[in-house]
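The residues making up each chain are set out below.
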Amino acid sequence: MLIFRDERYTETLKPTCETVLAQYDLPEKSLVCIFDDQERPGFLNHPPLGLNFCGFFLPVAQSGIGHGVWAQELIAHIWDNAHTCFSCDAVIYIRKRTCDTRIGTAITFAHELQHFMQYGHHRDAWRLQHGIQSVCSPKMQDPRPWHFPGEHEAQLCSKKVAEQIFGKQRIREYAQERIDCGDDVEKWRFFMEIDPTSDFDFRLRTEEWVSQCKQDLNLYFPGLIK
């Protein structure tokens, strides 16, 4: 379900988002996608997100939504009062600043859809991502989210989809524009340099990381590895 909180987005963004969706063989999980009409301090001040975030994926039926972070009008889109439960398995949220451009929306939406794919089709590998980052990041020099399988694949797939819609040159120009204005520069440099035609096996790459840090994963996250 696509929810455009600003009715103008229905005209400017909906066709693009439907084109993005058509690129994916989505898992049989219910998904609500919220395209917001205002900036939310609760998200901007939430440490896992921060000022530069573009959007996020969250399996709400499994993880919940935390306390005091979500605005009530957003909760209304994903909560079933009659049955006192979430009305969907997962949520993709795209912030207003991202929704202000079709290209930014397409890139972010494709990125978060890939996380939904990981969650739906490769659950075991997906659930290992946080643990891998937690135990491996302290041992790495200047670790970045895209150094790890889940984020790397999402970046690669989002660039591939965006280039199919807008063309390689326009996507490269957009990434350079983000760099020039100082918007999460290292992320956009990685995005611009990554080859969307390269092979990337999310499950295999995750298994490689697990084999490297299995001892620490068992120590700090007992029961995570089955």
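Predicted model, so just to flag it, every value in this text is computed and none were measured.

Visitor: Which residues make up the environment of Arg95, and what values do they have?
Guide: Relative to the elements of secondary structure, Arg95 occurs in the loop between strand S6 (90-94) and helix H6 (96-99). A residue is classified by how much of its surface remains accessible, and Arg95, at 4% relative accessible area, is buried. In this structure, the C-alpha to C-alpha distance between Arg95 and Phe43, residues 52 residues apart in sequence, is 9.2 Å. Arg95 has contacts with Glu39, Leu44, Leu51, Asn52, Phe53 and Cys54, leaving out every residue within four places of it along the chain.

Visitor: Hey, could you go over the pattern of salt bridges for me, with residue numbers and the actual values?
Guide: Summed over all chains, the structure comprises 15 salt bridges. Among the ionic pairs, Arg170 bridges to Glu177, the shortest N-O distance being 3.4 Å. Overall, Glu177 belongs to the partly exposed group, its relative accessible area being 36%. Across the pair Asp183 and Arg178 runs a salt bridge, and its minimum N-O distance is 3.0 Å. We classify Asp183 as buried; its relative accessible area is 8%. Put simply, Arg5, Asp36, Asp37, Arg40 and Glu73 are held in one network by salt bridges that share partners.

Visitor: An account of the packing of aromatic side chains is needed here, citing residue identities and associated values.
Guide: Under the criterion given, the structure shown has 20 aromatic pairs. On the basis of an interplanar angle of 80° and a centroid distance of 6.4 Å, the ring pair of Phe57 and Trp126 is categorised as edge-to-face. One end of the pair, Phe57, is in strand S3 (residues 55-58); the other, Trp126, is in helix H8 (residues 123-127), and 69 residues separate them in sequence. Judged by relative accessible area, Phe57 falls into the buried class, the value being 12%. Looking at Trp126, the relative accessible area reads 17%, which means it is buried. Taken together, the ring pairs connect Phe43, Phe53, Phe56, Trp70 and Tyr93 into an aromatic cluster. In this arrangement the basic side chain of Arg123 is found over the ring face of Tyr119, its NZ or CZ atom lying 4.0 Å from the centre. Cation over ring: Lys159 sits above Phe191, and NZ or CZ is 5.8 Å from the ring centre.

Visitor: If you had to explain the nonpolar core to someone new, which residues and values would you point to?
Guide: In this structure, Val20, Tyr24, Phe35, Ile92, Ile107 and Phe109 are the most contacted members of the largest nonpolar core, which totals 42 residues. A total of 9 residues in this core trace back to one element, the largest contributor, which is helix H7 (residues 102-121). If sequence neighbours within four positions are ignored, Phe35 has contacts with Leu2, Ile3, Phe4, Arg5, Tyr9, Cys17, Ile94, Cys99, Thr105 and Phe109. Listed in part, the 18 residues of the second largest apolar core include Leu44, Phe53, Ile65 and Tyr93.

Visitor: Describe the environment of Asn52, naming the residues involved and giving the relevant values.
Guide: Its location among the elements puts Asn52 in the loop between helix H3 (41-44) and S3. Residue Asn52 is classed as partly exposed on the basis of its relative accessible area, which comes to 35%. C-alpha of Asn52 to C-alpha of Asp183: the two residues are 131 residues apart in sequence and 7.0 Å apart in space. Discounting residues that sit within four places of it in the chain, Asn52 has contacts with Arg95, Arg97, Asp183 and Asp184.

Visitor: Go over the side chain of Lys159 with me, naming the residues and quoting the values.
Guide: If you trace the backbone, Lys159 turns up in helix H10 (residues 149-166). For the buried Lys159, which has no salt bridge, the nearest side chain bearing the opposite charge is Glu163, at an N-O separation of 4.3 Å.

Visitor: Account for the environment of Ala76, naming residues and giving values.
Guide: Among the structural elements, Ala76 can be located in the loop between helix H5 (72-75) and strand S4 (79-80). Separated by 115 residues in sequence, Ala76 and Phe191 place their C-alpha atoms 34 Å apart.

How each quantity is defined
- Residues numbered from 1 in each chain as written.
- Predicted model: local features only at pLDDT ≥ 70, side-chain atom pairs only at ≥ 80, totals over all residues.
- Heavy atoms only, no water.
- Helix = DSSP H or I, 4+ residues; strand = E, 2+ residues; numbered from the N terminus.
- Buried < 20%, exposed > 50% of the residue type's maximum accessible area, 1.4 Å probe, protein only.
- Contact = heavy atoms within 4.5 Å.
- Salt bridge = Lys/Arg side-chain N within 4 Å of Asp/Glu carboxyl O.
- Phe/Tyr/Trp six-rings, centres within 6.5 Å; stacked < 30°, edge-to-face > 60°.
- Lys NZ or Arg CZ within 6 Å of the ring centre and 35° of its normal.
- Core = buried A, V, L, I, M, F, W, Y, C linked by side-chain atoms within 4.5 Å.
- Lys, Arg positive; Asp, Glu negative; His and termini not counted.

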